[in-house]
Amino acid sequence: MPATIPAEIFKAYDVRGLYGDQIDGDVAEAVGRGFAQVLSELSGKPTSELRIGLGRDMRLTAPELAGRYRDGMVAEGATVVDAGMVGSEMLYWLVGARELDGGLMCTASHNPKAYTGAKLVKEGAIALSGDAGIQDVRRKIEAGLGDAPGGGSVEEVEIYDDFRAAALRFIDPDRVKPLRVVVDGGNGMAGPMVGPLLERLGLDLVTAYWVPDGEFPDHEPNPLLPENREFIMRKVVEEGADLGIAWDGDADRCFFIDDTGAFVDGDFLTALLADSLLRKSPGEAILYDVRASRAVADTVRREGGTAHPNRVGHAFFKTRMRDEGAMFGGEVSGHYYFRDFYCADSGTIPALLILELLSVEDAKLSELLEDYRSTYFISGEINSEVEDAEGRLATIEERYGDAKIGHLDGVSVDYEDWHFNVRTSNTEPLMRLCLESLVSMRDMERRRDEVLAIIRSPT
């Protein structure tokens, strides 16, 4: 085991770092052992009775590192249920469906090629976070893991067919029309995970970067960055497609391009999904993150549901969804959570639901979004480098003291016809602003610039 382990790899939502420099095979094995010990304490079981799921993505380093995570868990006496190369949500599904004690997904999600890492969940596919579990793994390693008891084993499983069957139950496949759809897998896990489902629905597919390749020869697997979605936006228009769908590397997030080639903001996609789901099951609770457009809460209330704002981050969403019994939760960053999917986030289910919605409504995606885009004027998330974050937050609260102020996550400032949220980054000296006006785009821009001037003030 490594004598020291970089503390900075233990992030707010996962373990992540540069391969070789921060995470190598020895570090991975130590994380596997520490994770098994933490699961033992959480479950109240000895490590010899634990059953832990394991998956890996298509990164070039994943076979080696997944093997070392597995070695660490086996060394602690656990039974590792190894699903091989899968999307992250498939690992979550495995943990939930087979009632495992936890799971480890070897992935660096949407990060560039040089990165590696792990997403960790406990029983019920509930994510560990920096506040609850991830730092415990670090502390176990730093305190010394002790002699490994050994005695664990590995059970290899094939879960693609069962996972796809579970995802397909969220829609009526017979209602989906043969839409023309451009799909961009970013050379990640979407192709093998979602591809056969889309083919089964009889869609007219235009596939791009659909084969997993850890070299990422075409673009980084992060569609939130504008440069990584330029291709699919252009391609939708060129192909005369009904829509485009792009996934991140481990395919637990999907992003949509409408029929005009415009990117669909996560706020509005959350509102569309909430509307669709509440029609099927009225009166349900829906979660949305504090950054989101009021379009979400307004839609939920209009359809008879209950809207709950929530802290940003998958660990917080999955826990709160269980607490509220919420049917669905959405984040502006493209994470969408479903109660009937073990409250886990999925990049498959939103794609299926939107395809069904467009077919049932017999409408273009741009048409379904028109009312949102003409009513709610959003800035998107804007990052600023700030040294004295706490000082800036205090200034903002003082400047806008006549508004309703919230502290659920960062500082939220709410007026009747505009609002904003400012949060500090968990990992960088950044402040993140999301602002919305219900008056006009010009009003949004004016107020955005006003708040940014405070955030970026040199004094």
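Residues numbered from 1 in each chain as written. Predicted model: local features only at pLDDT ≥ 70, side-chain atom pairs only at ≥ 80, totals over all residues. Heavy atoms only, no water.

A.B. asks: Give me the overall build of the protein chain: which residues, what numbers.
C.D. replies: Of the regular secondary structure elements, the protein chain holds 14 helices and 22 strands. For the protein chain, whose C-alpha radius of gyration is 22 Å, the value lies close to the compact-globule estimate of 23 Å for 459 residues. Along the first, second and third principal axes, the C-alpha atoms of the protein chain reach 65 × 60 × 45 Å. Burial analysis of the protein chain (459 residues in total) assigns 61% to the buried set. (Helix = DSSP H or I, 4+ residues; strand = E, 2+ residues; numbered from the N terminus. Rg over C-alpha atoms; globule rule 2.2 N^0.38 Å. Buried < 20%, exposed > 50% of the residue type's maximum accessible area, 1.4 Å probe, protein only.)

A.B. asks: Break down the environment of Val-182 for me, with residues and values.
C.D. replies: Relative to the helices and strands, Val-182 is located in strand 8 (residues 180–184). In the structure, Val-182 is positioned 249 residues away from Met-431 in sequence and 34 Å away in space, judged by C-alpha atoms.

A.B. asks: Can you explain the packing of aromatic side chains? Please cite residues and give values.
C.D. replies: Scanning the model with the defined rule gives 17 aromatic pairs in all. Here Phe-163 and Phe-341 contribute two aromatic rings whose centre-to-centre distance is 6.1 Å and whose plane-to-plane angle is 65°, an arrangement assigned as edge-to-face. In this pair, Phe-163 is assigned in helix 5 (residues 160–168) and Phe-341 in the loop between strand 15 (336–338) and strand 16 (344–345), connecting sequence segments 178 residues apart. For Phe-163, a relative accessible area of 0% puts it in the buried group. Taking 6.4 Å as the distance between ring centres and 15° as the angle between the ring planes, the aromatic pair formed by Phe-328 and Tyr-336 counts as stacked. Of the two residues examined, Phe-328 and Tyr-336, each falls in the buried class. (Phe/Tyr/Trp six-rings, centres within 6.5 Å; stacked < 30°, edge-to-face > 60°.)

A.B. asks: Lay out the environment of Val-451 with the relevant residues and their values.
C.D. replies: Looking at the element boundaries, Val-451 is found in helix 14 (residues 441–455). In the structure, Val-451 is positioned 18 residues away from Leu-433 in sequence and 8.5 Å away in space, judged by C-alpha atoms. Leave out the neighbours within four places in its chain, and Val-451 touches Tyr-400, Trp-418, Phe-420, Leu-433 and Leu-435. (Contact = heavy atoms within 4.5 Å.)

A.B. asks: Can you tell me about the sheet that holds strand 8, naming the residues and giving the values?
C.D. replies: The strand order 9-8-10-11 describes an open sheet built from 4 strands, whose pairing is mixed. The open sheet has two free edges, formed respectively by strand 9 (204–208) and strand 11 (254–257), since each of these has just one partner strand. In this sheet, neighbouring strand axes are inclined to one another by 20° on average, regardless of whether the strands run parallel or antiparallel. The pairing of strand 8 with strand 10 (residues 243–247) spans 4 bridges and is classified as parallel. Within strand 10, the residue paired with Val-183 across the bridge is Ile-245. (Pairing = 2+ DSSP bridges. Axes fitted to C-alpha atoms, helices over the stretch in contact; angles between N-to-C directions.)

A.B. asks: A description of the pattern of salt bridges should follow, citing residues and the corresponding values.
C.D. replies: For the structure on display, the rule yields 42 salt bridges. Ionic pairing is found between Arg-51 and Glu-155, a salt bridge with its closest N-O pair at 3.2 Å. One end of the pair, Arg-51, is in strand 2 (residues 51–56); the other, Glu-155, is in strand 7 (residues 153–156), with 104 residues separating them in the sequence. Given a relative accessible area of 30%, Glu-155 falls into the partly exposed group. (Salt bridge = Lys/Arg side-chain N within 4 Å of Asp/Glu carboxyl O.)

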